[in-house]
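Each chain, letter by letter, is given below.
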Amino acid sequence: MQPWDFLFKRDCVISFVIFLLIFFQNWGTALTADEGDMRLPKNFLPISYDIKLIPIIEEGNFTTIGYIEILVDCLETTSNISMNSADITINQPSILVTNLFSQDTVEVADLILEPDRQIVTIQLATQILSGQQYKISMNFVAVLNNELRGFYRSTYEEEGVTKYLAVTQFSAPDARRSFPCFDEPNMKAEFTITLGRKKTMSSNSNMPRIKTEPMQDMEDYVWDFYQTTVKMSSYLVGMMVSEFAGTPSESELNRVPFTIWTRPSLTKLTKYAGNIGPQIMKYLEYYTQIDYPLPKVDMAAIPDFAAGAMENWGHINFKEADLLIDEQRSSEVAKQRVAEVTGHELAHFWFGNLVTHDFWNLVWLKEGFSRYFQYIGADSVEPGFQMDEQFGVATLQSVFRVDSLESSRPLDFGVNNSASLNTLFDVVVYDKGASIVRMMANFLGHESFRHSMTRYLHSRAYGNAVQDDLWQAIQEQADIDGLTLPATVKAIMDPWTIKMGYPLITVARNYGGSVGGKITQGRFLLRKSANSTEDTTVYRWFVPLTFTNDFTLPHRSIWISDTEDSMSVANLFAADDQWVVFNVGQVGYYRVSYDDTNYDLILKQLSEDYTAIPPKNRAQLLDDTLTIARANIVSYEKALDLTKYLALERDYAPWTAAANALDFIDIMLYGFADFNEWKDYMSGLVIPLYQYVGFDEGAQDTHLFVYTRTHAIHWACFKLDNADCVQHADDVYSSWMSSIITENDISPNLLRLISCTAISNGGNPEWTFGYQKYLASTLANEKLELLKAMTCAKDPDIIYHMLELMIDETSGIRLQDANTLFSSIASNPIGHGVALDFLITRWDEVNSYFSGYVGFGGGSSMPGLFRSLCDRVNTNDQLTKLIKLRDDHFDVLGSSKSVKQGVELAQSNVLWVEQHYSEVITWLKKQKITSSSVAINPNYLAMTVLAFIGGARSTFFRI
C-alpha cells in the first residue's frame, strides 16, 4: 500500500486528521533564527510538483488532506531540505526522500518547524549530493480556513441553504498554506494537480481536466486529474471545488475557450465579462505580439474574496462585484470596474505570469504594468469610457498624496518577514508603478515602447526578471529605433524606482522681453520633519519636461538631469503676456509650481475661456496648486483664486481633481466656527454644476457625464445640503420605502447617492430600510453601493450599531466588506469620532474578529482600520487619541507602513489648521461668488447658458 492509499480510507479520514492535529502539531524543535530571515536557502530548485488534495468541505471538519511529490535539483551538497509551510500538519513518518538516479531512499532524521518563518526543514541522516535529482514526498493535512488566504472556504445562500466552496488565494505568498512548497516567485516549476471532490460538486484548476475517476473506498468522491501546467511560480496555482455553474463566452473572438463560473443563480450576470474578456485578450496578444500560451481561461466569481481578483494562470478568481454585471441594475462605475479588473488580470498573463518578478521587492514589475494596461485594455473594449482622461485623476494624483510623505517608500522596497509581504501591495506599487510606466511610454514614443515590451517578454519568458532586465530590453529597442535620450534607460529610470517620492518642478520665468527662465527640481514633501531623510539622501531625477503656451500646437520637450538642482532655459517660447503650462497631459510623474506672474496669466485664461487649456491639464493645475499650497510653497490666496473659475467648469477630470483637493479643505474646516463661510463659497461653485448636469438622468448621457453628476450630487446633497438636491433624493427614497417604486425603477448610477442623502437626513426607519435592501440584494456591486449608503447616517447610535454589526458574523456583512464599512463610517463627519472611540473601547473584540484575516494589500486588518481614521483628523484632541491608540497597541500597529503614513497625514492636518485656517477664512470672507466675480467672455457665457438648457432633462427614473 502506498502512503497515498491509506490516507483516503473512509474509516480513517477523520481519525487521521484528528491524530495529526493533536500529536504532530509540535513535532521538532524550532530553530533559533531571526523571523526576518524569511528566504529559503538556494540549495534546491524544484522541477515539478505532483499534488493530490481533497478539501473536506463539511461543517465540523474544514480540512484539506493532501499528498505531494516534488522533484528537485540539488544545487549543493547538504543534509537539510528547507521548504515553506504554514498552518500545515505534516505526517513525518510519511516523508520520503529518494535519489532519482540510484532509487535509494535517504533516511529522514527529523522535521524542524519554524512557524514564524513559515519554513519546515527535513533533516536527513546523511548528506545528499549536488548535481543529483531527488523526489520528496509526504502526506499532510491543512486547514480549510475562513481567512480568505491559502486554500480557504467561502459560503453563500441558495434557496435558504448554506453552500460552501473551497478556493485558493496564494498571493503573496500563501501556496504554503495549501501544500509544502518552495514558495518563492523565482523557484518556478511545473504543477500536476489532482483534486478530490464530492460527486455533487465540480472542480477547476489552471489547466483543462483530463479525466475523472472514482475514489477507492470513498464512494461519494471522485478524482479530477488535470493537465500539467507550464513552468510557473507557486503563487499562480489556482484551484476551486464548488457547485458553481460554468457559462461559456459567446464571443466570436474566442481563440481559446473562456468560461465564467458563478453560483448557479447568478449565471445571467456573466454576459458582459464573457464578452469583453476575449476582446481584451485579443488586444493584449496584438500589443505584445505573444499569443496566450494556455488552452483555456476560466474566470470565477467568488462570494468571499479579499482582493479584487487574482491572476492564477488559466483560472482567474474575482470578487463577485468585480466580475458580474446586471445590464439593467449595475451602475456605470460598476461596469467600468469590471472592465478594468478584467483588463488588469488578463495583462498579468504576460506581466507577472509569463515573466515574473524575481522576488516580492520587485512586485511593481507585475502590478505597475498591469495597472497601466488595465487602462489600455478597458479602452480597447469601451472607448466611450475615455480611460486616458481618467488616468491622471484616478491613478497619478491618487499616489501623489501618499508619495509626498516622508513615510512613503521606493518601488524597489525589500521586506524581511513573511507577515509584511502583503503590505507591498499598496498604492505605490500599483499607481506609482503605472504612472512611471506611462511616463516612460510617452518619452520613448508608444510604438517604441510597445516593441520594447515584446522584446522584454520574449527575453524572460517562463523565467524571472529584475529591473535591469527591463531596462536592457528597452535600451536595446531604443537603440534600434534611434531614439535620442539624455542618458541610458537604466540611468534615467533607476532613480524613479530606488528612491521614494517625486520632484516638484519650479518654473521661474524671465519677463521684460527675455523669453527664458530657470527650472528647479527638488523632492516635494507635504511636511518636512526634524529627522527628514532629505539630509542624507539626494533626491534628484532625470525628469522629462514638456511645456506649451498653445495646446493647439505640438508641445516642446527638455530634460533636467539627476545631477542638476536647477537649469536655465534660454527660450520658453512665450511672450510676457502669454502663460506657459508644464507637464502636458500630466504624463510626467512630477508637480509644477510657477512664479506669480505666470499664475496670474493662467488665472486670466481660465476665467476668459478655460477650454484653451485641455481638461487633463486643468485637472493638473488644480491638484498641483492646491496641494503645493498645503506645503507653504504658494499662497492659499493664489491657489483658491484658481478655484473661482470652477463656477464655469463642466468637465469630469477638472472636477474630480477639484473635488479631491477641496474635500481636504472641507475636512480641515469642518467643526470650526467659520465652516458656513466655506459652504457658501462651495455652493457658488457646485450649484452651477449641479444645475447643469441635473439630478435626473438623460438617455444621451455619456459615461463621464454620469460620473460628473455624481460629484455634483454628492457635494450638493450630502455636503452642502442644497434644498433642491435633498428634496429630489428624499422623494425618490420615500417612494421606494412606500413601494410606489422598486429599486428597478431607480437609476443604478444614483442609487447610492439617493440612499445616502435620505439616510443622512432621516432616522432609524430610513436606515433600517436601507439595511433590509442591502441584505435582500443578490447583486454584489449593488450591495456594496447600499452598504456605503448606510454609512451616511448622522445619528451616532445608528453608526455605533453599524460598527457592532461589522464584528457580528450573523449580520450579513461579509468579512471582505468590513473594511469598506469601517472606512466609509470614518469618512463620515459624524461617524469619524464614533469609529475612533469604537476602535479604542472595543479593540480586543475587533482584533479578535479580524484575527487571521489579512485582507489584501495591507497585511493585518487592524492597521487598515486605523489608517482609515487618519484623514479626517483636524484637532489636537483627535490626534492625541489616535497616537495613544497606536501606542497602546504598538505590537499590532507600530511597524505598519500604512499606520506611519496615516499618523504623518494626521499630524500634517493639525499643522495645516494651525498654519492655514486663518489664511483661508480671511480669503473666504473677501469673496462674493457671483457672475461678476469672474471676468467671463460674453460669447463663452452664452455657450454655457445653452449647455445648461441642454443639461436639464429627463426624470430621476431610469429610461
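Just so it is clear, the structure is predicted and the values come from calculations on it, not from any experiment.

S.K.: Describe the overall build of the protein chain, listing the residues and the values that go with them.
M.R.: Along the protein chain, the regular secondary structure elements total 29 helices and 30 strands. Rg of the C-alpha trace for the protein chain: 29 Å, near the compact-globule value of 30 Å for 959 residues, within the 12% margin. Here the C-alpha coordinates of the protein chain stretch approximately 90 × 70 × 60 Å along the principal axes. Here the protein chain holds 959 residues, and the buried ones make up 61% of them. Summed over all atoms, the accessible surface of the protein chain reaches about 34,900 Å², with 50% contributed by carbon and sulfur. Each charge class in the protein chain can be summarised by its mean position, and for the 77 positive and 116 negative side chains these summaries are 2 Å apart.

S.K.: With reference to specific residues and values, describe the sheet that holds strand β29 (residues 581-582).
M.R.: One open sheet accounts for three strands, arranged β27-β26-β29; its pairing is antiparallel. Across the chains shown, the open sheet's two edge strands, defined by having one partner strand only, are β27 (556-560) and β29. Looking at chain direction, strand β26 (residues 543-548) and β29 are connected through two bridges and run antiparallel. Within β29, the residue paired with T548 across the bridge is V581.

S.K.: Go over the side chain of D701, please, and point to the residues and values.
M.R.: By the element assignment, D701 lies in the loop between α15 (675-693) and α16 (703-719). Among the polar contacts made by the side chain of D701, one reaches the main-chain amide nitrogen of G698 at a distance of 2.8 Å. At 2.9 Å, the side chain of D701 and the side chain of R709 are in polar contact.

S.K.: Run through the pairing of strand β30 (residues 591-594), naming residues and quoting values.
M.R.: Residues R591 and S593 point to one face of β30 and V592 and Y594 to the other, with burial holding for every one of them. In terms of strand pairing, strand β24 (residues 503-509) meets β30 through four bridges, oriented parallel. Within the sheet, the bridge partner assigned to T506 lies in β30 and is S593.

S.K.: Tell me about the sheet that holds strand β21 (residues 315-319), and please be specific about residues and values.
M.R.: The mixed open sheet is built from five strands, whose spatial order is β17-β18-β19-β21-β20. Two strands close off the open sheet at either side, each with one partner strand: β17 (245-248) and β20 (309-310). Pairing of β20 with β21, which is carried by two bridges, proceeds in the antiparallel orientation. Each residue of the ladder has a partner; that of M310, found in β21, is N317. Each of β18 (258-262) and β19 (297-302) is contacted by helix α3 (residues 271-288), which is oriented at about 140° to β18, the strand it contacts most. Against the sheet, helix α4 (residues 332-348) makes contact with β18, β19, β20 and β21, and its axis sits at roughly 150° relative to β21, the strand it touches most.

S.K.: Describe the state of the cysteines, with residues and values.
M.R.: Using the criterion set out here, one finds two disulfides in the structure. C717 shares a disulfide with C725; S-S distance 1.9 Å. Across the S-S bond linking C717 and C725, the dihedral sits near -105°, which makes this disulfide left-handed. For C725, a relative accessible area of 0% gives the class buried. In this model, C756 is linked to C792 through a disulfide, with the two sulfur atoms separated by 2.1 Å. Here C756 and C792 share a disulfide; its torsion about the S-S bond, -100°, makes the bridge left-handed.

S.K.: I'd like a description of the pattern of salt bridges, backed by residues and values.
M.R.: Applying the stated rule across the entire model yields 54 salt bridges. D623 is the partner of R401 in a salt bridge, and the nearest nitrogen-oxygen pair spans 3.9 Å. Here R401 is found in helix α6 (residues 387-403), whereas its partner D623 is found in helix α12 (residues 615-630), with 222 residues between them in sequence. A network of salt bridges, in which partner residues are shared, links R401, R591, D623 and D624.

S.K.: I'd like to hear about the packing of α15 against helix α28 (residues 897-925), residue by residue, with values.
M.R.: Where α15 contacts α28, the axes come no closer than 10 Å and their chain directions differ by 55°. If you check the angle between α15 and α28, you find them oblique. The element α15 and its partner α28 pack so that their crossing is left-handed. Two secondary-structure elements touch here, α15 through E677, W678 and Y681 and α28 through W923, L924 and K925. Per-class residue counts for the contact of α15 with α28 are four nonpolar, no polar and two charged.

S.K.: Account for the packing of aromatic side chains, naming residues and giving values.
M.R.: Summed over the entire model, instances satisfying the criterion amount to 46 aromatic pairs. Taken together, a centroid distance of 6.1 Å and an interplanar angle of 35° make the contact between Y539 and W541 tilted. The same class applies to Y539 and to W541, which are both buried. When the ring centre of F359 is taken as origin, the NZ or CZ atom of R39, which lies over that ring, is 3.5 Å away. Its guanidinium or amino end placed over the ring of F225, K211 lies 5.0 Å from that ring's centre, counting from NZ or CZ.

S.K.: Please give an account of α3 that cites residues and values.
M.R.: In a regular helix each residue adds 1.5 Å, so 18 residues correspond to 26 Å; α3 covers 26 Å between its end C-alpha atoms and thus fits that length. Positioned one or two residues after α3, Q289 has a phi angle of 60°, which is positive.

S.K.: An account of helix α26 (residues 876-888) is requested, with residue identities and associated values reported.
M.R.: Taking 1.5 Å of rise per residue, 13 residues should cover 18 Å, and α26 covers 18 Å from first to last C-alpha, within 8% of that figure. On its buried face, α26 is in contact with α23 (831-841), α24 (843-849), α25 (861-868), α27 (890-893) and α28.

S.K.: Go over the environment of L753 with me, naming the residues and quoting the values.
M.R.: As for its placement among the helices and strands, L753 is situated in helix α18 (residues 751-761). Taking the C-alpha atoms as reference points, L753 and N722, 31 residues apart in sequence, are found 14 Å from one another. The contact partners of L753, leaving out residues within four places of it in the chain, are T710, I713 and H714.

S.K.: Outline unusual backbone geometry, supporting the account with residue identities and numerical values.
M.R.: In this structure, the amide linkage connecting S171 to the following residue, A172, adopts the cis form with an omega of 0°. Along the chain, the position of A172 falls in the loop between β11 (161-169) and β12 (190-198). Even without being a glycine, E159 presents a positive backbone phi close to 55°. Among the structural elements, E159 can be located in the loop between β10 (150-158) and β11. Taking relative accessible area as the criterion, E159 reaches 83% and is therefore assigned exposed. A positive phi is found at Q289, a non-glycine position, where the angle reads about 60°. Within the secondary structure layout, Q289 lies in the loop between α3 and β19.

S.K.: Could you give me a rundown of the environment of V363, with the residues and numbers involved?
M.R.: Mapped onto the secondary structure, V363 falls in the loop between β22 (355-357) and α5 (364-381). Taking C-alpha positions, V363 is 40 Å from M215, a pair spaced 148 residues apart along the chain. Excluding anything up to four places from it in sequence, V363 contacts H357, L424, F425 and V429.

S.K.: Pulling in residues and values, what's your account of the pairing of β19?
M.R.: The element β19 is largely enclosed, with a buried count of six among its six residues. The side-chain alternation of β19 yields two buried faces, one formed by V297, M299 and A301 and the other by D298, A300 and I302. In this sheet, β19 lies alongside β18 in parallel orientation, the contact comprising four bridges. Each residue of the ladder has a partner; that of T259, found in β19, is D298. Note that the unit made of β18, α3 and β19 has a crossover that is left-handed. Here β19 pairs with β21 via five bridges, running parallel. Counted as the bridge partner of D298 is H315 from β21.

S.K.: Talk me through the nonpolar core; I want residue IDs and the actual numbers.
M.R.: If you look at the biggest cluster of nonpolar residues, it comprises 302 residues, and the most contacted ones within it are W364, F449 and I665. A total of 12 residues in this core trace back to one element, the largest contributor, which is α28. When near neighbours in sequence (up to four residues on either side) are disregarded, F449 contacts Y287, F369, Y372, F373, V437, M440, A441 and L444. Residues I65, M215, M218 and F225 belong to the second largest nonpolar core, which totals eight residues.

What counts as what
Residues numbered from 1 in each chain as written. Predicted model: local features only at pLDDT ≥ 70, side-chain atom pairs only at ≥ 80, totals over all residues. Heavy atoms only, no water. Helix = DSSP H or I, 4+ residues; strand = E, 2+ residues; numbered from the N terminus. Rg over C-alpha atoms; globule rule 2.2 N^0.38 Å. Buried < 20%, exposed > 50% of the residue type's maximum accessible area, 1.4 Å probe, protein only. Areas by Shrake-Rupley, 256 points an atom, 1.4 Å probe, with all protein chains shown as cover. Lys, Arg positive; Asp, Glu negative; His and termini not counted. Charge placed at Lys NZ, Arg CZ, Asp CG, Glu CD. Pairing = 2+ DSSP bridges. Polar contact = N/O pair within 3.5 Å; in protein donor to acceptor, adjacent residues only side chain to side chain. Contact = heavy atoms within 4.5 Å. Axes fitted to C-alpha atoms, helices over the stretch in contact; angles between N-to-C directions. Disulfide = S-S within 2.5 Å. Salt bridge = Lys/Arg side-chain N within 4 Å of Asp/Glu carboxyl O. Parallel < 35°, antiparallel > 145°, perpendicular 65-115°, else oblique. Left-handed = near helix turned anticlockwise from the far one by under 90°. Nonpolar A, V, L, I, M, F, W, Y, C, P; charged D, E, K, R; others polar. Phe/Tyr/Trp six-rings, centres within 6.5 Å; stacked < 30°, edge-to-face > 60°. Lys NZ or Arg CZ within 6 Å of the ring centre and 35° of its normal. Expected span 1.5 Å × (residues − 1). Right-handed = clockwise from strand over helix to strand, strands pointing away. Core = buried A, V, L, I, M, F, W, Y, C linked by side-chain atoms within 4.5 Å.

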